[in-house]
Amino acid sequence: MPAPANLIDSEAINYGLTREFIANFNQDTDNLLRLLGIVSVERVGAGYTLTQHKVTGSLNNTKDANGSSGTAYVEGDLVSLSKYKMTETTIGKIKLRPYRKVTSAQAITEHGSVPAVVRIDQKMLADIRADILSQFFTFLGTGTGTATGKTLQACLAYMDAKLEDTLETNNDNGASYSLVHFVNRTDVADYLATAQVTTQTAYGMTYIQDFLGVQNVFVTNKVAAKAPVVTASQNLHMYAPDFSELAQAGLSYTESDGGLIGVNHSPAYDHVSVETNVLTGATLFAEVTDYIVKGTIAPGA
């Protein structure tokens with residue numbers, strides 16, 4: 001006897017679980033990227049190496065025996081070179097990070113499929129988000145800019161001034177960037193207790209659009225107390241590996257937008273269980289170390 005038409009089988013159910021996992025991931029990630037000012041995910045091929053950069057150099061406005069340039073240019077001279085240098089620090093290859101969990105048939109029978117599979121998937125998703133953020137804050141820790149203020153408000157102001165001076169010196173202070181701040185929760189607690197502010201949650205962090213005269217503040221315990229950090233939105237990139245390379249090798253996942261994660265749910269009959277497999281190489285990256293300013297709140301400074 002043939003199977004009934006439009007039968008919802010185990011494959012369809014597992015695919016539905018996968019799509020729900022990815023939909024939740026996309027919603028959270030899209031919101032974070034929007035708040036950070038990142039326009040799109042950058043897909044990178046096999047073998048791609050992450051590097052951080054520092055640019056030095058300036059326009060040549062001088063005349064010498066070999067020629068002239070810029071404001072010192074003399075008609076008919078050979079145009080002298082303006083010299084710039086890009087210094088690269090190799091961070092390493094994008095690392096694939098696989099995760100797997102198994103939900104037993106017994107657990108599903110006792111608690112139902114939603115608590116046993118979907119809700120634990122949500123916890124797994126939250127932990128993967130935290131993993132992506134933890135890696136990002138490691139990159140922020142490589143920043144070379146510094147600023148000090150006696151209070152949080154003063155520190156944020158000096159940090160912004162330092163970063164904007166650096167951007168202006170490098171002629172990167174265009175209209176397309178914004179400043180993004182990261183502050184420890186204990187440093188803002190007193191202000192939030194007395195101020196009327198609008199907040200939202202993004203990737204487990206609290207986001208405040210306008211706080212103490214600065215824009216785009218993320219409140220998180222991933223930066224230390226009295227050590228806020230600021231960078232420019234143009235300095236932030238979200239990279240993702242090319243899952244098509246894996247598919248060609250027979251390892252197939254359903255991808256999130258931009259390929260930030262791949263997810264697969266499948267029955268494991270040999271263990272009477274359902275497996276959730278997640279693979280991610282999502283890398284939230286701060287590219288130029290000069291464009292990261294690390295602050296110090298020092299009341300006695």
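Relevant structure appears above.
Residues numbered from 1 in each chain as written. Predicted model: local features only at pLDDT ≥ 70, side-chain atom pairs only at ≥ 80, totals over all residues. Heavy atoms only, no water.

## A look at the overall build of the protein chain
Across its full length, the protein chain carries 6 helices and 18 strands. Computed over C-alpha atoms, the radius of gyration of the protein chain comes to 25 Å, more than 25% over the 19 Å expected from 2.2 N^0.38 for 301 residues, which places it beyond the range of a compact globule. Along the longest, intermediate and shortest principal axes, the C-alpha atoms of the protein chain span 95 × 55 × 30 Å. The burial tally for the protein chain puts 41% of its 301 residues in the buried class. Expressed as a percentage of contacts within the protein chain between residues at least 6 apart in sequence, the contacts between residues at least 24 apart total 75%. If you sum the accessible surface of the protein chain, you get close to 16,100 Å²; carbon and sulfur atoms cover 52% of it. Considering the protein chain, the positive charge centre built from 21 side chains and the negative charge centre built from 30 side chains are found 7 Å apart. (Helix = DSSP H or I, 4+ residues; strand = E, 2+ residues; numbered from the N terminus. Rg over C-alpha atoms; globule rule 2.2 N^0.38 Å. Buried < 20%, exposed > 50% of the residue type's maximum accessible area, 1.4 Å probe, protein only. Contact = heavy atoms within 4.5 Å. Areas by Shrake-Rupley, 256 points an atom, 1.4 Å probe, with all protein chains shown as cover. Lys, Arg positive; Asp, Glu negative; His and termini not counted. Charge placed at Lys NZ, Arg CZ, Asp CG, Glu CD.)

## Examining the packing of aromatic side chains
In this structure the tally under the stated criterion is 9 aromatic pairs. Between F136 and F137, the aromatic rings sit 5.3 Å apart at their centres with planes inclined by 65 degrees, giving edge-to-face as the arrangement. Each member of the pair, F136 as well as F137, is classed as buried. Each member of the aromatic cluster is reached from another via a ring pair, and the members are F136, F137, F182, Y207 and F218. Looking at R129, its charged tip hangs above the ring of Y203, at a distance of 5.7 Å from the centre. (Phe/Tyr/Trp six-rings, centres within 6.5 Å; stacked < 30°, edge-to-face > 60°. Lys NZ or Arg CZ within 6 Å of the ring centre and 35° of its normal.)

## A short note on the pairing of strand 16 (residues 273-280)
In regular strands, side chains alternate between the two faces of the sheet. Within strand 16, 8 of the 8 residues are buried, leaving the element largely enclosed by the surrounding structure. Along strand 16, one buried face is formed by S273, E275, N277 and L279 and the opposite face, lined by V274, T276, V278 and T280, is buried too. Direction of pairing for strand 6 (residues 97-104) relative to strand 16: antiparallel, over a ladder of 8 bridges. Residue pairing in the sheet places K101 in a bridge with T276 of strand 16. Examined bridge by bridge, strand 15 (residues 261-268) and strand 16 share 8 bridges and lie antiparallel to one another. Following the sheet pairing, A268 is matched in strand 16 by S273. Counted along the chain from strand 15 to the antiparallel partner strand 16, the turn is 4 residues long, and its residue V272 has a positive phi close to 50 degrees. (Pairing = 2+ DSSP bridges.)

## Topic: the sheet that holds strand 16
One open sheet accounts for 4 strands, arranged 6-16-15-14; its pairing is antiparallel. For this open sheet the edge positions go to strand 6 and strand 14 (254-255), each flanked by a neighbour on one side alone. Where helix 3 (residues 113-140) meets the sheet, its contacts fall on strand 6, strand 15 and strand 16, and the angle it forms with strand 6 comes to roughly 160 degrees. (Axes fitted to C-alpha atoms, helices over the stretch in contact; angles between N-to-C directions.)

## Quick notes on the side chain of H265
Looking at the secondary structure, you find H265 in strand 15. Engagement of the side chain of H265 in a polar contact is seen with the side chain of D121, the distance being 2.8 Å. (Polar contact = N/O pair within 3.5 Å; in protein donor to acceptor, adjacent residues only side chain to side chain.)

## So, a nonpolar patch on the surface
A cluster of nonpolar side chains, namely V55, L59, Y84 and M86, defines an oily patch on the protein surface of about 430 Å² accessible area. Within the element layout of this structure, L59 appears in the loop between strand 2 (49-58) and strand 3 (63-64). Taking relative accessible area as the criterion, L59 reaches 62% and is therefore assigned exposed. (Patch = residues over 30% accessible without salt bridge, like charges linked within 9 Å, V, L, I, M, F, W, Y side chains within 5 Å. Salt bridge = Lys/Arg side-chain N within 4 Å of Asp/Glu carboxyl O.)

## Some remarks on the nonpolar core
Core analysis: the largest hydrophobic core is formed by 36 residues, its most contacted members being L36, F182, F218 and L284. Those elements that provide at least two residues to this core are helix 1 (10-36), helix 3, strand 8 (179-183), strand 10 (205-211), strand 13 (236-241), strand 15 and strand 17 (283-286). Sorting elements by how many residues they give to this core places helix 3 first, with 8 residues. Not counting chain neighbours up to four residues away, the residues in contact with F182 comprise L36, F136, F137, L140, F218, V223, P228 and V229. (Core = buried A, V, L, I, M, F, W, Y, C linked by side-chain atoms within 4.5 Å.)

## Description of the pattern of salt bridges
This model, assessed by the stated rule, comprises 8 salt bridges. We note a salt bridge from R43 to D242, for which the minimum N-O separation is 3.8 Å. Taken together, the residues span a long stretch of sequence, with R43 in strand 1 (residues 42-44) and D242 in the loop between strand 13 and helix 6 (243-248) at a distance of 199 residues. Owing to a relative accessible area of 38%, R43 belongs among the partly exposed residues under this scheme. Here K123 and D127 are joined by a salt bridge, their closest N and O atoms 3.2 Å apart.

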